[in-house]
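# Architecture and fold: a report
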Amino acid sequence: MATGRNHRPATRSRGIPEATVARLPLYLRALTALSERSVPTVSSEELAAAAGVNSAKLRKDFSYLGSYGTRGVGYDVEYLVYQISRELGLTQDWPVVIVGIGNLGAALANYGGFASRGFRVAALIDADPAMAGKPVAGIPVQHTDELEKIISENGVSIGVISTPAGAAQQVCERLIAAGVTSILNFAPTVLSVPDGVDVRKVDLSIELQILAFHEQRKAGEETEAAATRKGPDGDMPAVMPA
């Protein structure tokens, strides 16, 4: 099986928009669930609903893959699973290193979804000497002094950063200098990277703040609605002036 070091995903060279690339994992998750239930075909409407997008957008996304489905039949589930997996590079073996094995890093190490999607946790790395040699998810933690050697020996091109914010940029620079070209960042900070390096940021606090905004807005709308009642002449204040 090929390793990820010298095999970049083909999506950019094929001109697939980034927005479409971001939706492909959603389609793959929905299709995998259908496959596990032995569903042979699926309509664009059914798949779009399962993935949380509209069907017109789904059909447009699939047109970039050269997959148009069959009228009256729909899309072949197994073929789409293969096709999307290939476009995302999941038919290859992608060794990954996780740097920062605190609570979050340990949780990521124990996440079973990596292996099922073609990602192999090649190493767990932490700056704390007391962590060295301790097994997490069956993998012994290694010290950051070994980072460059680990990346070189395992052909790693994807790094996961789950360190405190203050250490993240330095770790990022070491990863890049050692040959890592894609980074998944869980540290609550913005990383500065050169051209040619892709960074995806996961910030749970930001997502919660966005949800809080929507909750506040919904609460405001409910309060406003409660203060207004429908009268024969249209909307009227619930309490009329004397």
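Treat the numbers as computed from the prediction; the structure is a model and nothing was measured.

### With respect to the overall build of the chain
- When its secondary structure is counted, the chain shows 9 helices and 11 strands.
- For the chain, with 242 residues in total, the buried portion stands at 38%.
- Excluding contacts between residues fewer than 6 apart, the proportion of contacts in the chain whose partners are at least 24 apart in sequence is 57%.
- For the chain, the exposed surface amounts to about 14,000 Å²; the carbon and sulfur share of it is 55%.

### Here's the deal with the packing of helix α1 (residues 18-36) against helix α3 (residues 55-64)
- Their axes nearest at 11 Å, the elements α1 and α3 cross at an angle of 105°. On the basis of their axis angle, the class for α1 and α3 is roughly perpendicular. Where α1 approaches α3, its residues Thr20, Arg23 and Tyr27 are matched on the opposing element by Lys57, Leu58, Asp61, Phe62 and Tyr64.
- Considered class by class, the residues forming the contact of α1 with α3 number 4 nonpolar, 1 polar and 3 charged.

### Details of the environment of Gly72
- Tracing the backbone through its elements, the reader meets Gly72 in the loop between α3 and β2 (75-76).
- Its relative accessible area of 83% is what places Gly72 among the exposed residues.
- Spatially, the C-alpha atom of Gly72 lies 8.3 Å from that of Ser43, the residues being 29 residues apart in sequence.

### What about the packing of aromatic side chains?
- Here the structure, examined in full by the defined rule, presents 3 aromatic pairs.
- Geometrically, the ring pair formed by Phe62 and Tyr75 is edge-to-face, given 5.1 Å between the ring centres and 85° between the ring planes. Of this pair, Phe62 sits in helix α3 while Tyr75 sits in strand β2, and the two are 13 residues apart along the sequence. Of the two residues, Phe62 and Tyr75, neither departs from the other in class, the shared state being buried.
- Here the aromatic rings of Tyr111 and Phe114 are separated by 5.3 Å at their centres, their planes lie at 80°, and the arrangement is edge-to-face.
- Residue Phe114 is classed as buried on the basis of its relative accessible area, which comes to 15%.

Here is what the cut-offs are and how they apply
Residues numbered from 1 in each chain as written. Predicted model: local features only at pLDDT ≥ 70, side-chain atom pairs only at ≥ 80, totals over all residues. Heavy atoms only, no water. Helix = DSSP H or I, 4+ residues; strand = E, 2+ residues; numbered from the N terminus. Buried < 20%, exposed > 50% of the residue type's maximum accessible area, 1.4 Å probe, protein only. Contact = heavy atoms within 4.5 Å. Areas by Shrake-Rupley, 256 points an atom, 1.4 Å probe, with all protein chains shown as cover. Axes fitted to C-alpha atoms, helices over the stretch in contact; angles between N-to-C directions. Parallel < 35°, antiparallel > 145°, perpendicular 65-115°, else oblique. Nonpolar A, V, L, I, M, F, W, Y, C, P; charged D, E, K, R; others polar. Phe/Tyr/Trp six-rings, centres within 6.5 Å; stacked < 30°, edge-to-face > 60°.

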